[in-house]
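# Descriptive structure summary
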Amino acid sequence: MRLGRGLAVVGALAGGLYWLARYLRPQHSTLILQDKVVLITGASTGIGRALAFAFARRGARVVLAARSAARLEAVRREIEPYTGDVLVIPADLTDEEQLQSVVARTLERFGRIDVLVNNAGYWQGGRLVDLDPVRMEQVVRLNLWATMRLTQLVLPTMLAQHSGYIMNIASGFGRVAVPMVSSYVATKFGVAGFSDALRRELGGSGVRVTLVLPAWTNTDIVPPERAEVLQRYGFHIDSPDEVAERAIAALVAGRHEVILGGPIALLGVFVERYVPFLMRLYWRIFMTQEWQDAMSVPGGDEAR
Ligand SMILES: NC(=O)c1ccc[n+]([C@@H]2O[C@H](COP(=O)([O-])OP(=O)(O)OC[C@H]3O[C@@H](n4cnc5c(N)ncnc54)[C@H](OP(=O)(O)O)[C@@H]3O)[C@@H](O)[C@H]2O)c1
């Protein structure tokens, strides 16, 4: 009798947990990218350019935004064979007026926005005491503020459509506090927190948020001097195409978050979250002069 009651309680608990897990699990989306309007920031080079290709190959209508009109036009010429509809908008996204005009021009041309990809970002590395404060402000403005503001500008349209996808390209540095990159890390933790909070705020609205955490990727952010040291430290360097494909797969699957970079990156995020003292120990040992110099090498637009 007592055994029967015990089994019934265990069964009820297991069933309850199963249904709770199913209820909380990310929903598989029904997203089909053909003809969707996808606005991509930082689309002139690197990961943004690879994303433009990957969305275009799926038949999406793409809007390419970044500062360099010439590089954006080159991307447009390259992707036009895949998609008939490409809109190029040269804009500095640290500027409020230009941000507003990116959204206005997209809506004027297409009347809707299905996917917003917040990808544009600046690199800044080195000891905090040595960082240029003007650049530091720009890093916060582009990596974090522009992501939040552009999302805010696009949301009314997506809410009215009862459907929309926000893809935020943060970084593994959005979950792991790597030394010698404090301003960049701060913005990426900001984007991760923003994405998590917004996803909860938008629950049930039809607008979804996918956070992408790329690891080291072969773009101007990783010039050869930095790449050499990273490889000595055992880090894999992904190609921008790999990042774009995995990011889109996560978006289509309705995933909340995707950590790229393989087992080392997954382990890093796990240790940072659950065994932080091990991470402190790691950096006590491995924040060598070589690491400090490698992080201080200019990257991204500073290197172009
Ligand atoms: N590469 C990596 O190892 C790595 C790892 C993790 C995360 N990420 C993140 O991935 C994203 C893309 O990085 P990436 O490696 O592809 O860098 P990237 O090659 O330097 O590309 C950055 C893009 O942002 C654009 N951009 C820069 N300043 C801008 C501004 N003020 N307004 C509008 N667009 C601007 C650039 O174009 P213009 O110069 O023409 O404006 C370029 O298209 C960034 O958010 C970065 O933090 C990169």
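Residues numbered from 1 in each chain as written. Predicted model: local features only at pLDDT ≥ 70, side-chain atom pairs only at ≥ 80, totals over all residues. Heavy atoms only, no water.

### A look at the overall build of the chain
A count of helical and extended segments in the chain gives 11 helices and seven strands. Over its C-alpha atoms, taken along the principal directions, the chain stretches across nearly 80 × 55 × 30 Å. The proportion of buried residues among the 304 residues of the chain is 49%. Counting only contacts in the chain whose residues sit at least 6 apart along the sequence, the fraction spanning at least 24 positions is 70%. On the chain, roughly 14,900 Å² of surface is accessible, and the fraction owed to carbon and sulfur atoms is 58%. Between the mean site of the 33 positive side-chain charges and the mean site of the 29 negative ones, the chain shows a separation of 10 Å. (Helix = DSSP H or I, 4+ residues; strand = E, 2+ residues; numbered from the N terminus. Buried < 20%, exposed > 50% of the residue type's maximum accessible area, 1.4 Å probe, protein only. Contact = heavy atoms within 4.5 Å. Areas by Shrake-Rupley, 256 points an atom, 1.4 Å probe, with all protein chains shown as cover. Lys, Arg positive; Asp, Glu negative; His and termini not counted. Charge placed at Lys NZ, Arg CZ, Asp CG, Glu CD.)

### Regarding the packing of helix 5 (residues 133-161) against helix 6 (residues 182-201)
Close contact between helix 5 and helix 6 brings their axes to 8 Å; oriented N to C, the two are set at 15°. Taken as axis vectors, helix 5 and helix 6 run roughly parallel relative to one another. In terms of crossing hand, the pair formed by helix 5 and helix 6 is right-handed. Along its contact with helix 5, which presents M136, V139, V140, N143, L144, T147, M148, T151 and L155, the element helix 6 presents S183, Y184, T187, K188, G190, V191, F194 and L198. Residues that form the contact of helix 5 with helix 6 fall into these classes: 10 nonpolar, six polar and one charged. (Axes fitted to C-alpha atoms, helices over the stretch in contact; angles between N-to-C directions. Parallel < 35°, antiparallel > 145°, perpendicular 65-115°, else oblique. Left-handed = near helix turned anticlockwise from the far one by under 90°. Nonpolar A, V, L, I, M, F, W, Y, C, P; charged D, E, K, R; others polar.)

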